[in-house]
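Chain by chain, the residues:
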Amino acid sequence: MIEFKSDFLRTLTERGYIHQQTDAAALDHQACSGIVTAYIGFDATADSLHVGSLVQIMLLRRLQQAGHRPIVLMGGGTTKVGDPSGRDETRQLLTDEQINANIAGIREIFGHFLRFDDSPTGAVMVNNDDWLSSLKYIPFLRDIGRHFSINRMLTMDSVKLRLEREQPLTFLEFNYMILQGYDFVELNKRYGCTLQMGGSDQWGNILQGVDLGRRVREQALFGLTSPLITTSSGAKMGKTASGAVWLSGKRLPAYDYWQHWRNTEDADVGRFLRMFTDLPMPEIARLERLQGAEINEAKKILATETTGLCHGEGVARAAIDTAAKAFSGATAQGLPSVLLASGTQLPVIDAVVALGMAASKGEARRLIDQGGVKLNDKPVQSATAVVSAVDLDEQGTARLAVGKKRHGLIKRA
RNA sequence: GGAGGGGUACCCAAGCGGCCAACGGGGGCAGACUGUAAAUCUGCUGGCUUAUGCCUUCGUAGGUUCGAAUCCUACCCCCUCCA
């Protein structure tokens with residue numbers, strides 16, 4: 001690894017964001033001598049992104065922190081065509097309204113991580129629908145398509161894997177790398193963008209764009225990918241039983257987001273602190289050295305920092321407070337709750353389901369049978385147990401827990 | 001267009017007339033051990049009820065049968081080879 005001169009590449013290197021890149025020395029030189037404009041593309045298939053995209057978001061944040069300009073490219077055009085990956089069924093095609101609503105939701109998230117304004121380093125969000133939808137097929141083939149070699153495309157990992165596994169690959173999908181390459185050239189034309197970043201799975205597509213730029217614009221473009229983030233035990237990050245770990249508070253409450261980071265594996269703490277927080281490196285080095293149970297302190301800091309970035313500092317502080325109470329047996333406001341009408345009884349099973357801690361009553365019964373449900377820290381013995389006024393404390397609240405980590409409240413109506 | 005193979009629960013994958021709510025693995029959840037960690041061990045993993053009953057589910061729609069994921073017919077989708 002060469003020693004970089006630019007703040008941008010030095011930061012990326014020491015924080016572990018770089019998996020592969022094209023001409024590193026030339027990019028380093030460019031980053032030293034002026035503002036670099038770089039982009040990353042995102043799908044517009046949902047109204048929120050999840051932690052799987054967080055590395056990319058942080059890459060753009062680091063770029064801006066280092067005095068350069070980030071472009072968030074929304075794949076409105078490509079989303080409109082419908083992403084053909086996932087072979088079981090063609091995805092539901094999204095309408096223009098849905099796509100625009102999704103873009104609006106995603107813009108809100110980026111607002112927490114990037115500064116959008118008209119300054120030279122202000123972030124910009126653009127939609128590739130602006131140029132892709134108006135493309136004319138024959139002129140496009142003649143101007144752009146002639147620069148792509150099928151021979152080369154067939155050797156691309158994304159294509160090769162599909163073919164080797166005998167999984168279907170449609171012509172539409174085969175065109176994706178061409179469209180993505182074209183996006184890069186278009187952004188270069190419009191914004192002077194010279195760098196595309198992305199996950200390691202995008203390497204092939206990015207290279208196509210770099211090549212295309214050289215051929216049609218005679219421009220030196222750069223590509224840089226981040227490593228695929230898995231946990232130390234090999235699981236892909238961001239998947240939980242209840243679904244994806246969304247960045248939008250509307251999709252996933254901030255407290256749950258905090259918990260997700262709090263439960264990081266020991267071996268991942270340092271890596272995640274470097275990538276997902278702004279904490280200075282010496283501080284991270286100190287936290288990373290903590291041993292045994294002490295590393296829990298580092299996990300709390302990780303959770304609070306990441307939650308602060310995504311949801312705001314106040315929300316993060318509230319989350320740490322809620323967690324402290326919930327896990328010490330105190331009553332923590334801010335947890336999900338259900339109401340108990342006075343003079344009535346509520347079966348524990350129903351309460352567990354109502355709090356979203358079990359998907360069905362049957363599951364709630366099983367949890368109780370296995371000793372996984374606690375009311376006010378006492379294991380619930382019977383599946384027919386009920387919550388009534390006697391279980392409530394002076395504040396009219398009872399605590400219900402499933403497992404060690406999931407907490408909820410029952411309150412007097 | 002022709003020939004062959006295939007579509008089973010979150011994923012992979014058995015089953016090929018009743019013993020099938022469906023083997024096994026992965027994943028997930030819970031319990032034990034711990035530190036809200038990892039590893040390990042144990043249990044659970046369609047719904048409703050609670051007892052052992054009902055309902056829904058093996059691509060879709062029909063049919064045969066006392067009885068079908070399993071047999072038949074049509075249709076849809078996927079893969080391979082040939083054109």
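Everything below is about the structure shown above.
If you're wondering where the values come from, they're calculated on a predicted model, not measured in any experiment. (Residues numbered from 1 in each chain as written. Chains lettered and ligands numbered in written order. Predicted model: local features only at pLDDT ≥ 70, side-chain atom pairs only at ≥ 80, totals over all residues. Heavy atoms only, no water.)

(A) Representation of the overall build of chain A within the structure. Along its length, chain A carries 19 helices and 15 strands. Seen along its three principal axes, the alpha-carbon backbone of chain A occupies a region of about 80 × 50 × 40 Å. Taken across its 413 residues, chain A has 49% of its residues classed as buried. A separation threshold of at least 6 residues defines the contact pool for chain A, and within that pool the share at least 24 residues apart is 71%. Working note: accessible area of chain A is about 20,400 Å², and carbon and sulfur atoms make up 50% of it. (Helix = DSSP H or I, 4+ residues; strand = E, 2+ residues; numbered from the N terminus. Buried < 20%, exposed > 50% of the residue type's maximum accessible area, 1.4 Å probe, protein only. Contact = heavy atoms within 4.5 Å. Areas by Shrake-Rupley, 256 points an atom, 1.4 Å probe, with all protein chains shown as cover.)

(B) Here's a closer look at the protein's contact with RNA strand B. In the neighbourhood of RNA strand B, 32 residues make up the surrounding shell, with Asn 263, Asp 266, Ser 360, Arg 366 and Lys 404 lying closest. Among atoms of RNA strand B positioned within 4 Å of the protein, sugar and phosphate together represent 65%. Asn 263 is positioned with one of its side-chain polar atoms (N or O) 2.5 Å from a sugar or linking oxygen of RNA strand B. Taking Lys 299, its side chain carries an N or O atom lying 2.9 Å from a base nitrogen of RNA strand B. If you list the elements that add at least two residues to the surface near RNA strand B, you get helix H13 (254-262), helix H16 (295-311), helix H17 (313-328) and helix H19 (361-369). Among the elements that make up the surface near RNA strand B, the one with the highest residue count is H19 (5 residues). Looking at the surface near RNA strand B, its residues break down into 9 nonpolar, 12 polar and 11 charged. (Near = heavy atom within 4 Å. Polar contact = N/O pair within 3.5 Å; in protein donor to acceptor, adjacent residues only side chain to side chain. Nonpolar A, V, L, I, M, F, W, Y, C, P; charged D, E, K, R; others polar.)

(C) Layout of the pattern of salt bridges. This structure, assessed with the given rule, holds 20 salt bridges. For Glu 283, the salt bridge identified is with Arg 286, shortest N-O distance 3.3 Å. Here Glu 283 and its partner Arg 286 are both found in helix H15 (residues 281-289), 3 residues apart, which amounts to about one turn of the helix. Owing to a relative accessible area of 41%, Arg 286 belongs among the partly exposed residues under this scheme. Linking Asp 377 and Arg 399 is a salt bridge whose minimum nitrogen-to-oxygen distance equals 3.1 Å. Of this pair, Asp 377 sits in the loop between strand S11 (373-375) and strand S12 (378-379) while Arg 399 is found in strand S14 (residues 397-402), placing the two residues 22 residues apart along the sequence. Because the salt bridges share partners, they merge into one network encompassing Arg 152, Asp 211, Arg 214 and Arg 215. (Salt bridge = Lys/Arg side-chain N within 4 Å of Asp/Glu carboxyl O.)

(D) Fine view of the sheet that holds S14. If you walk across this open sheet you meet the 5 strands as S9-S15-S14-S11-S12, and the pairing is mixed. Only two strands of the sheet have a single neighbouring strand rather than two, namely strand S9 (337-340) and S12. Where S11 lies against S12, 2 bridges are found, and the strand directions are antiparallel. Across the sheet, Lys 374 pairs through a bridge with Pro 379, a residue of S12. (Pairing = 2+ DSSP bridges.)

(E) Representation of the packing of H16 against H17 within the structure. Across the interface, H16 lies against H17 with an axial gap of 7 Å and an inter-helix angle of 140 degrees. Relative to H17, H16 is oriented oblique. Both H16 and H17 take part in a crossing whose hand is right-handed. Every residue of H17 that contacts H16 at Thr 304, Thr 307, Gly 308 and His 311 is listed here: Glu 313, Val 315, Ala 316 and Ile 320. Along the lines of polarity and charge, the residues of the contact of H16 with H17 split into 3 nonpolar, 4 polar and 1 charged. (Axes fitted to C-alpha atoms, helices over the stretch in contact; angles between N-to-C directions. Parallel < 35°, antiparallel > 145°, perpendicular 65-115°, else oblique. Left-handed = near helix turned anticlockwise from the far one by under 90°.)

(F) Spotlight on the sheet that holds strand S5 (residues 195-199). One open sheet accounts for 6 strands, arranged S1-S6-S5-S2-S3-S4; its pairing is mixed. The sheet is open, and its two borders are formed by strand S1 (20-21) and strand S4 (124-127), each paired with just one other strand. Pairing of strand S2 (residues 37-42) with strand S3 (residues 69-74), which is carried by 6 bridges, proceeds in the parallel orientation. Across the sheet, residue Phe 42 finds its bridge partner in S3, namely Met 74.

(G) Region of interest: a nonpolar patch on the surface. On the surface, a nonpolar cluster with roughly 450 Å² of combined accessible area is contributed by Tyr 137, Ile 138, Leu 141 and Phe 171. Tallying contributions element by element places helix H7 (residues 137-143) first for the nonpolar patch, with 3 residues. Relative to the elements of secondary structure, Tyr 137 occurs in helix H7. (Patch = residues over 30% accessible without salt bridge, like charges linked within 9 Å, V, L, I, M, F, W, Y side chains within 5 Å.)

(H) Main features of helix H3 (residues 54-65). With 12 residues, H3 extends 16 Å from end C-alpha to end C-alpha; this agrees with the ideal 16 Å at 1.5 Å per step. Burial runs high along H3: 11 of the 12 residues are buried. What H3 keeps buried is the set Leu 54, Val 55, Gln 56, Ile 57, Met 58, Leu 59, Leu 60, Arg 61, Arg 62, Leu 63 and Gln 64. (Expected span 1.5 Å × (residues − 1).)

(I) Region of interest: the environment of Cys 193. The topology assignment puts Cys 193 in the loop between helix H11 (176-191) and S5. Separated by 28 residues in sequence, Cys 193 and Leu 221 have C-alpha atoms that sit 8.2 Å apart. With near-sequence residues (within four places) excluded, Cys 193 lies in contact with Thr 37, Ala 38, Tyr 39, Ile 71, Phe 184, Leu 187, Asn 188 and Leu 221.

(J) Expanded view of unusual backbone geometry. Its identity as a non-glycine residue notwithstanding, Glu 218 has a phi of 50 degrees, on the positive side. The residue Glu 218 is located in the loop between helix H12 (203-217) and strand S6 (222-226) in this model. With a phi close to 70 degrees, Asp 377 is a non-glycine residue in the positive phi region.

(K) The arrangement of the side chain of Asp 183 in detail. Tracing the sequence through the fold places Asp 183 in helix H11. At 8.9 Å, Arg 190 is the nearest oppositely charged side chain to Asp 183, a buried residue that forms no salt bridge. Only 2.8 Å separates the side chain of Asp 183 from the side chain of Trp 131, close enough to count as a polar contact. With residues up to four places along the chain from it excluded, the contact list for Asp 183 reads Tyr 39, Leu 73, Asn 128, Trp 131 and Leu 132. (Lys, Arg positive; Asp, Glu negative; His and termini not counted.)

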